[in-house]
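Remarks on the overall topology
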Amino acid sequence: MPGLEDLYREIILDHYKSPRNRGSLEPPAVRSEGHNPLCGDEIEVFLVVKDGIVDDIKIGGQGCSISQSSASMMSAAVKGKPVEQARALIHRFKHMMSIDEGGEEPDTSAPLGDLEALQGVVKFPVRIKCAVLSWNTLAEALDIAAE
Amino acid sequence: MSFDVQKVRADFPVLAELINGKPLVYLDSANTSQKPNAVIDAMTQFMQHGYAPTNRSAYQLAAEATDKFEGARAKVAAFINAPKVHEVLYTKNATEALNLIVRSWGSANLSAGDAVVLTHMEHHANIVPWQMLAAERGFTIRWVPLTSDGLLDLSNLSTLLDGAKAFSFTAMSNVLGTINPIKELCAAAHKAGAIAIVDACQAVPHMPTDVQAWDADFVTFSSHKMVGPSGIGILWGRESLLDAMPPFLGGGNMISDVKLEGFTCAELPAKFEAGTQPIIEAIGLGAAVDYLTAIGMDNVRAHEYDMTVLALNSLNDRFGSDITIHGSTDAALRGATISFAYRDVHPHDISQVLDQNNVCVRAGHHCAKPLMRILGSNATVRASFYLYNTPSDVTALCDALSEAGDFFTL
């Protein structure tokens, strides 16, 4: 049986205790909301896209260490990046969580950085939803921003 | 009969299982209960030696299966002191039983301008069906609020019930453990001219049930929480109400005649039992009722009272201000379902650490999101005890919780 240290890597607890990009943004920033009906976790993603770049992102809501740290790492990873790159990262992250959305195999050549630490979540299938919640919410926010 | 928890435990094979070499500490019975050999054997025996369709074929095996299937109904009726056996209806679960009431009684009786009264401590199963019908019919839903110690605030009850057609409430909260004053609430409903619907899902498994003493109009509960199998629940209703209600699901078994121009309904209970019923599950439920009856529901309640006192004291003694236990501190007013927050560690993370020690609890909103919002959180840890839990389970919970605290020191 995988142990707690497989799941709760130090970097995860660090993002949980000191979440990056925490807060909210006023319109014209777009806002999307994700719920995990299983455990009641809630994530809010506030997003400003300017000239095809994720100009600013803030994370709100409350949830467990896995959902909160995943959101924190995600915000740090996509801020300042082109929208296309953010979408590719969503695809790659979900693939790492063994969620098959079809489409092409993601390009895994670039280093994942802190996000690598979440790889252990796959060994705890009930927690995959926690890790993926913010990513689905970001995808929705990107869709809204593109409208 | 005296109550011996070790003897009870020996009846439940799963409790002897080792998971990753460690014993199972099952504290999730408010979610669903474990099963004794008596239930497992009754269902297996029936499948091996007596399985056949019920209420339709004429051969001996089918007649005997029908006797057993209807015999289980009679056992349930006696268990809850129903005046008439045919007032006991098989459903898929308690959720379907509540939906049946709302769709059948509600559709026939509720329209714009009417009101139904619910409480802030209801399970989604006693909220959403009403909201679904209210969206169609335009009646209003009024809510009985809570006191700060997790009891129903009845100070305004007569105003809330004034002009209402139904008062539907839980007998025991699945989050707070609060045992509501069922008799008093039914009487208040009747005084206002409303019918009284009791969601007894958390009560029937844990304390004596007497639908006549309660003077309820409908009572719902599920088998899987009372050591019986999943897949079957019960709706008890007053004959006069059930007779006047339109059928819920249409199909085989629920008709007396079908012509191209239309159909006529069967008598109770078949009127509300369309299609092949959960036959094997009914046999299992009958065995569960026999099992609990032999132990005695007063004994079950007394044991759980002791477990509640012990768990409340142990958690408070060991964790002091680090733990916030929701609901009443008086074990006489509550069942052995204990929800709590521990420091600011998220319930999902706590349950993960507890799981490493095979301590099985529920972490989440417990299908009671309106209540969770009132408690000001989006999740709690819930440890729920049953007739097979022991003081050492309380110790295991506390030890694992300590470990979670150490791991997540923020």
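Residues numbered from 1 in each chain as written. Chains lettered and ligands numbered in written order. Predicted model: local features only at pLDDT ≥ 70, side-chain atom pairs only at ≥ 80, totals over all residues. Heavy atoms only, no water.

1. Quick notes on the nonpolar core
The cut-off we apply is this: Nine residue types can take part in a nonpolar core, namely buried Ala, Val, Leu, Ile, Met, Phe, Trp, Tyr and Cys, and a core is a set of them joined through side-chain atoms within 4.5 Å. Relative accessibility decides the category of a residue: with a 1.4 Å probe and only protein chains considered, values under 20% of the type maximum give buried, values over 50% give exposed, and everything between is partly exposed. Elements are defined by DSSP. Helices are runs of H or I of four residues or more, strands are runs of E of two residues or more, and each kind is numbered from the N terminus. Segmentation of the chain into domains, including their bounds, is taken from an automatic or database domain assignment. When checking whether two residues touch, look at their non-hydrogen atoms; a contact exists if any pair is within 4.5 Å.
If you look at the biggest cluster of nonpolar residues, it comprises 77 residues, and the most contacted ones within it are Phe-167, Val-198, Val-219, Met-226, Leu-292 and Leu-387 of chain B. If you tally residues by element for this core, the top one is helix H10 (residues 279–295) of chain B, at eleven residues. Split by domain, this core shows at least three residues from each of two domains, domain 1 (5–31 + 296–407) and domain 2 (40–294) of chain B. Those residues in contact with Leu-387 of chain B that sit more than four places away from it in its chain are Phe-3, Val-5, Val-8, Phe-12, Val-227, Tyr-291, Leu-292, Ile-295, Val-300, His-303 and Glu-304 of chain B. Ranked by size, the runner-up nonpolar core spans 69 residues in total, among them Ile-59, Leu-115 and Leu-138 of chain A together with Cys-398 of chain B.

2. Points about the domain arrangement of chain B
Residues and elements named next belong to chain B. As a reminder of what qualifies: Summed over both partners, the accessible area (1.4 Å probe) lost when two parts come together is defined as the buried area. A side-chain nitrogen of Lys or Arg and a carboxyl oxygen of Asp or Glu constitute a salt bridge if their distance falls within 4 Å. Pairs of N or O atoms within 3.5 Å make up the polar contacts considered here, provided that, within protein, one atom can donate a hydrogen while the other can accept it, and that residues adjacent in sequence are counted only when both atoms are side-chain atoms.
Structurally, chain B comprises domain 1 (5–31 + 296–407) and domain 2 (40–294). When each unit is reduced to the centre of its C-alpha atoms, the spacing between domain 1 and domain 2 is 28 Å. At the interface, 36 residues of domain 1 touch 34 residues of domain 2. With both chains or domains summed, domain 1 and domain 2 bury close to 2,600 Å², and 61% of this area falls on carbon and sulfur atoms. It is Met-297, Leu-371 and Tyr-386 that lose the most area in domain 1 upon contact with domain 2, and together they represent 23% of the buried surface on that side. Applying the counting criterion to the domain 1 and domain 2 interface returns zero salt bridges. Here domain 1 is connected to domain 2 by 18 residue pairs in polar contact (both at pLDDT 80 or more). Of all the secondary structure elements, the ones that give two or more residues to the side of domain 1 that touches domain 2 are helix H11 (297–319), strand E14 (337–342) and helix H13 (369–375). No other element matches the six residues that H13 contributes to the side of domain 1 that touches domain 2.

3. As for the pairing of strand E11 (residues 255–259) of chain B
Residue and element names in this part refer to chain B. Convention followed: At least two DSSP bridges between two strands are required for those strands to pair.
With zero of five residues buried, E11 lies mostly on the surface of the structure. In this structure, E11 lies alongside strand E12 (residues 262–265), joined through four bridges in antiparallel fashion. When the bridges of E12 are listed, Ile-255 appears paired with Cys-265. Here E11 folds back onto E12 in antiparallel fashion, the turn holding two residues.

4. A few points about the environment of Asp-243 of chain B
All names here are of chain B. Mapped onto the elements of the fold, Asp-243 is located in helix H9 (residues 239–244). Measuring from C-alpha to C-alpha, the distance between Asp-243 and Leu-268 comes to 7.4 Å, with 25 residues separating the pair along the chain. Beyond its immediate chain neighbours, meaning those up to four positions away, Asp-243 contacts Leu-268 and Lys-271.

5. Remarks on the UniProt feature "domain: NIF system FeS cluster assembly NifU N-terminal" (unreviewed entry) in chain A
Rules: UniProt positions are given in the numbering used here, feature names are shortened, and annotations may be inferred rather than shown by experiment.
The sites that UniProt annotates as "domain: NIF system FeS cluster assembly NifU N-terminal" (unreviewed entry) are residues 8–130 of chain A. Within the segment residues 8–130 of chain A, helix and strand shares are 34% and 22% respectively, and the terminal C-alpha atoms sit 13 Å apart.

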